[in-house]
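Here is what each chain is made of, one letter per residue.
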Amino acid sequence: MSAIEPPLGLLAELTHRCPLRCPYCSNPLELARAAAELDTATWARVFGEAAALGVLQVHLSGGEPTARRDLPELVRHAAGAGLYTNLITAGVLLDASKLAALAEAGLDHVQLSVQDAEAGNADRIGGYAGGHARKLAVARLVRDAGLPLTLNAVVHRQNLDRLPELIDLALELGAGRIEVAHVQYYGWALANRAALLPGRAQLEAATATVEAARERLKGRLVIDYVVPDYYAKRPKACMGGWGRVVLAVSPEGRILPCHAAESLPGMEFPNVRDTSLRAAWERADAFTRFRGTAWMPEPCRSCDRRENDWGGCRCQAFALTGDAAATDPACSLSPHHALLDLAVAEAAGGAETFTYREIGRAPRRSALPP
């Protein structure tokens, strides 16, 4: 057996608290309360363990990580461990003094989310009045603080037509990068799939927009582009492959192979309160079960792409088929590939209303799409 390569990144989900209510939130349906969150000292230990394991960068996320009053201290611990620190934030709780404190603590980079280029629709999607204007102000504060900025634009049917304006906004705000990430359909986004999934023509227009902008803005703006799987013929290597590149720690301390893994029933995830990151990464069943290729069913097992896509997304496979070990339906060879066509047809009905993300108000599982 070959040695297990160390992870490159740690997604530290510091809290599930967030003033926004985005209907595509990647947090689990059952959100952790503040009283269950790891304390400062435990996170400091986790950052030290991550660095010792080989992690190079930590993504401080949530929920909204700036809801933690100890965030500057957490940044200081992470930077002190030698980790590159990236703050993933909605921005609405930040001001100049808080940004200065984070920069002084050793923050390396800010990734700011936007819901649209048009204020009214952005605030409607995020469920937070005045949020868009606040984000624009905070983006300028980030640049004034001397921190590099990435704009994170999660796109879907209800904002995708303004993708050109979103790219222009990234330039206007001085971002060096924009992540154009189509919604991935599990958790809250799965509950809102009929209102979010774009049509094929809309998706093709967006892809053409990205390709043209990449050529036009080469050297000025890096554009990352993550497409939805629902129009794919082959799946993506989700998270670089299960238990291969990154690991995540939830607000309650669960050590996860990806941030959505808690959606999979019947899996026991180790906790940093009683297990080291190294032990979880190298030996825990939650990491080894879908690592590599030995677990794969046909047609994955004999596919010449099995070490390119690593079987696709386990969370998507479960969300659509009820079996986390099934071939990802995004693959045209999957016996369940037609489920994607059914989802596209359902979304074409034009639902516009959202089930907003709120603590204690998870959608009934029986009401979720098949």
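Residues numbered from 1 in each chain as written. Predicted model: local features only at pLDDT ≥ 70, side-chain atom pairs only at ≥ 80, totals over all residues. Heavy atoms only, no water.

Another aspect to go through is the nonpolar core. Grouped together as the largest cluster of nonpolar side chains are 82 residues, with contacts concentrated most on Leu-10, Trp-43, Phe-47, Leu-60 and Leu-277. Setting aside anything within four residues of it in sequence, one finds Phe-47 in contact with Leu-10, Ala-12, Val-58, Leu-60, Leu-74, His-77, Ala-78, Ala-81 and Leu-83. Formed by 22 residues, the second largest nonpolar core is a distinct cluster that contains Leu-20, Val-154, Leu-196 and Ala-347. (Core = buried A, V, L, I, M, F, W, Y, C linked by side-chain atoms within 4.5 Å. Buried < 20%, exposed > 50% of the residue type's maximum accessible area, 1.4 Å probe, protein only. Contact = heavy atoms within 4.5 Å.)

Scanning all chains against the criterion turns up 18 salt bridges. Between Asp-224 and Arg-177 there is a salt bridge whose closest N-O contact spans 2.8 Å. Pair noted here: Asp-224 is in strand β7 (residues 222–226) and Arg-177 is in strand β6 (residues 177–182), with a separation of 47 residues, a long-range link. Via salt bridges that share partners, Arg-17, Glu-37, Arg-68 and Asp-70 belong to a single interconnected network. (Salt bridge = Lys/Arg side-chain N within 4 Å of Asp/Glu carboxyl O. Helix = DSSP H or I, 4+ residues; strand = E, 2+ residues; numbered from the N terminus.)

Here we take up the packing of aromatic side chains. Counting across every chain of the model gives six aromatic pairs. Look at Tyr-185 and Tyr-230: their rings are 5.3 Å apart centre to centre, the planes differ by 70°, and that puts the pair in the edge-to-face class. In this pair, Tyr-185 is assigned in the loop between β6 and α7 (188–191) and Tyr-230 in the loop between β7 and β8 (246–249), connecting sequence segments 45 residues apart. Tyr-185 gets classed as buried once you look at its relative accessible area, which sits at 2%. Accessibility expressed as a relative area gives 3% for Tyr-230, which makes it buried. Centre to centre, the rings of Trp-242 and Phe-290 are 5.3 Å apart; their planes meet at 90°, and the pair counts as edge-to-face. (Phe/Tyr/Trp six-rings, centres within 6.5 Å; stacked < 30°, edge-to-face > 60°.)

Okay, helix α1 (residues 40–53) next. Taking 1.5 Å of rise per residue, the 14 residues of α1 would be expected to cover 20 Å, and the 20 Å separating its terminal C-alpha atoms lies within 8% of that figure. Restricting attention to buried positions, one finds in α1 the residues Thr-40, Thr-42, Trp-43, Ala-44, Val-46, Phe-47, Ala-50 and Leu-53. For α1, the secondary structure elements touched by its buried residues are β1 (9–13), β2 (57–61), α2 (71–80), β8 and α10 (277–283). Just past α1, the residue Gly-54 takes up positive phi, approximately 120°. (Expected span 1.5 Å × (residues − 1).)

With respect to topology, nine strands assemble into an open sheet ordered β7-β6-β5-β4-β3-β2-β1-β8-β9, the strand pairing being mixed. Two strands bound the open sheet, and with one partner strand each, they are β7 and β9 (255–256). Sheet analysis places strand β3 (residues 84–89) next to strand β4 (residues 109–114), joined by four bridges and oriented parallel. Bridged to Ile-88 within β4 is Gln-111. Strands β4 and β5 (149–155) of the sheet are contacted by helix α5 (residues 131–144), whose axis makes an angle of about 165° with β4. (Pairing = 2+ DSSP bridges. Axes fitted to C-alpha atoms, helices over the stretch in contact; angles between N-to-C directions.)

Before going further, it helps to spend a moment on the environment of Pro-65. The topology assignment puts Pro-65 in the loop between β2 and α2. Looking at Pro-65, the relative accessible area reads 0%, which means it is buried. Placed 23 residues apart in sequence, Pro-65 and Thr-42 show a C-alpha to C-alpha distance of 16 Å. In contact with Pro-65, not counting residues within four places along its chain, are Leu-14, Thr-15, Leu-60, Leu-71, Leu-87 and Ile-88.

Another point: the packing of α2 against helix α3 (residues 96–105). Packing of α2 against α3 brings their axes to within 8 Å, and their N-to-C directions diverge by 20°. As the angle between them shows, α2 and α3 are arranged roughly parallel. Of the two possible hands of crossing, α2 and α3 adopt the one that is right-handed. In this structure, α2 contributes Leu-71, Pro-72, Val-75, Arg-76 and Ala-79 to the contact, and α3 contributes Ala-101, Leu-102, Glu-104 and Ala-105. Broken down by class, the residue content of the contact of α2 with α3 amounts to seven nonpolar, no polar and two charged. (Parallel < 35°, antiparallel > 145°, perpendicular 65-115°, else oblique. Left-handed = near helix turned anticlockwise from the far one by under 90°. Nonpolar A, V, L, I, M, F, W, Y, C, P; charged D, E, K, R; others polar.)

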